[in-house]
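# Examination of the molecular architecture
Spelled out, the chains give:
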Amino acid sequence: MKAVTWHGRRDVRVEDVPDPTIQEPNDAIVRITSSGLCGSDLHLYETLGPFMTAGDVLGHEPMGIVEEVGPQADGLAVGDRVVMPFQICCGHCWMCQQGLHTQCETTQVRDQGMGAALFGYSKLYGAVPGAQAEYLRVPQAQFMPIKVPEGPPDERFLYLSDVLPTAWQAVAYADVPKDGTLLVLGLGPVGEMACRVAAHQGFRVIAVELEAERIARAQARGTEVIDLSAVDDVAEEVRSRTQGRGADAVVDAVGMEAHGSPVSKMGQTLFNMLPKKVSAAVMERAGSDRMTAIYTAIDAVRRGGTVSLIGIYGGQSDPVPMLTMFDKQIQLRMGQANVMRWVDDIMPLVTGPDDPLGTEEFATHRVPLDEAPTAYADFQTKTDDTFKVVFKP
Ligand SMILES: NC(=O)c1ccc[n+]([C@@H]2O[C@H](COP(=O)([O-])OP(=O)(O)OC[C@H]3O[C@@H](n4cnc5c(N)ncnc54)[C@H](O)[C@@H]3O)[C@@H](O)[C@H]2O)c1
Ligand SMILES: [Zn+2]
Ligand SMILES: [Zn+2]
């Protein structure tokens, strides 16, 4: 089959790889009809290379049609239309029972000290072949696939794999008080969807972004946006719009490759030049995040407010402003989205007639797998207004 594979920093290719097969009795094979490109893939493209192996199949936002089922993939049948969460989880362990599917004790990658395995996300997360491919082997198929109805287009449901529950959890963890204000940093797919979710739930939303097209896109849906490149001090600007206090809660939907950290960017460039064995060890111990967004979040949240980190941070020893965090008594919550925990909350919104979260017009680019190298490059540099890419294998 055809698949998108990783080969090095800013080097993805489309190659023929062996078709996946059933390996465990509770596996299924799904023929992919739509597969998203995520901001998290950009970390593999740029900074997490030390944890990748040449030829790894990328992608973790899959939907398609069940092609084959193992004898213990109960409840699933050939021909079912399904979406898979980006994390691999069993549904019956202690963690899954708490709604913490990203910590699944059946699939935890213990030799790396990490949580649940993820599709297409480096050896840190189990080196599981990913979903930007024609076919996908789905482990834990007795639980994971989310069955969706026939009829509406794929994109109504595709984002249940990641963007929707991720945005939903970001807003839930932000714990915005009634009539409160939520600040969302970053208007990539995750941040913009978090704005949509929060507005739908009745909160005032202010967003921060620097890319003109992304600002315009959010404004077109009525979001109040601060243009990062037009203000000196984002937190001060936020306070001026919130009676001097700051936002009740902040979602950081930027993560570890934030714009505006020149010094650590230089560190990153040097780091990328290290031999792979050395850089993996450095990354694990020393960390190399660009911390602008989290600092902005800590500054812009009001005293006693909540910061919800949904953008990914991967360094191990980043200095955080503990003095200010403690003094302001802020609450900090974070983690990968527990997809299955939120699906029942979101499903009525994507199956209803009026598509309140705008899933059908969310993607900007629908392309065949062959165009993956260009799609990755354009998504990273935001060329050609690339916002959300959906591969159609
Ligand atoms: N926790 C999870 O489960 C989960 C799931 C999916 C994605 N993510 C993470 O969420 C983050 C966003 O993902 P995405 O798909 O929206 O990616 P993206 O890279 O398209 O979005 C990031 C946006 O932040 C903007 N930005 C950069 N620096 C900024 C700054 N200092 N202030 C404000 N905005 C800034 C960028 O211009 C961009 O629009 C990534 O870190 C991704 O890995 C996490
Ligand atoms: Zn993702
Ligand atoms: Zn589990």
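Above this text sits the structure in question.
So, here is what we can say about the structure in this document. (Residues numbered from 1 in each chain as written. Chains lettered and ligands numbered in written order. Predicted model: local features only at pLDDT ≥ 70, side-chain atom pairs only at ≥ 80, totals over all residues. Heavy atoms only, no water.)

### Points about the overall build of the protein chain
- Helices and strands together make up the secondary structure of the protein chain, namely 13 helices and 15 strands.
- Expected size for 393 residues packed as a compact globule is a radius of gyration near 21 Å; at 20 Å, the protein chain falls within 12% of this value.
- Seen through its C-alpha atoms, the protein chain measures out along the principal axes to roughly 60 × 55 × 45 Å.
- The burial tally for the protein chain puts 56% of its 393 residues in the buried class.
- Counting only contacts in the protein chain whose residues sit at least 6 apart along the sequence, the fraction spanning at least 24 positions is 73%.
- Of the side chains in the protein chain, 34 bear a positive and 52 a negative charge, and the two mean positions are spaced by 4 Å. (Helix = DSSP H or I, 4+ residues; strand = E, 2+ residues; numbered from the N terminus. Rg over C-alpha atoms; globule rule 2.2 N^0.38 Å. Buried < 20%, exposed > 50% of the residue type's maximum accessible area, 1.4 Å probe, protein only. Contact = heavy atoms within 4.5 Å. Lys, Arg positive; Asp, Glu negative; His and termini not counted. Charge placed at Lys NZ, Arg CZ, Asp CG, Glu CD.)

### Regarding the packing of helix 4 (residues 163-174) against helix 12 (residues 339-351)
- At a minimum axis distance of 9 Å, the contact between helix 4 and helix 12 shows a crossing angle of 105°. Judged by the inter-axis angle, helix 4 sits roughly perpendicular to helix 12. The segment helix 4 lies against helix 12, with L164, P165, W168, Q169, A172 and Y173 engaging V339, R341, W342, D345, I346, L349 and V350.
- Of the residues in the contact of helix 4 with helix 12, the class split is 10 nonpolar, one polar and two charged. (Axes fitted to C-alpha atoms, helices over the stretch in contact; angles between N-to-C directions. Parallel < 35°, antiparallel > 145°, perpendicular 65-115°, else oblique. Nonpolar A, V, L, I, M, F, W, Y, C, P; charged D, E, K, R; others polar.)

### Focus on the coordination of the zinc ion (ligand 3)
- Around the zinc ion (ligand 3), the protein contributes the donor atoms C90 (SG), C93 (SG), C96 (SG) and C104 (SG), at 2.3 to 2.4 Å from the metal centre.
- The coordination sphere of the zinc ion (ligand 3) comprises four donor atoms, whose angles at the metal cover 104 to 117°; the geometry is tetrahedral.
- With relative accessibility at 2%, the residue C90 sits in the buried group. (Donors = N, O, S within 2.8 Å, 3.2 Å for Na, K, Ca; no water. Tetrahedral: all angles 85-135°; square planar, octahedral: opposite > 155°, others 65-115°.)

Nothing here speaks to function; it is all geometry.
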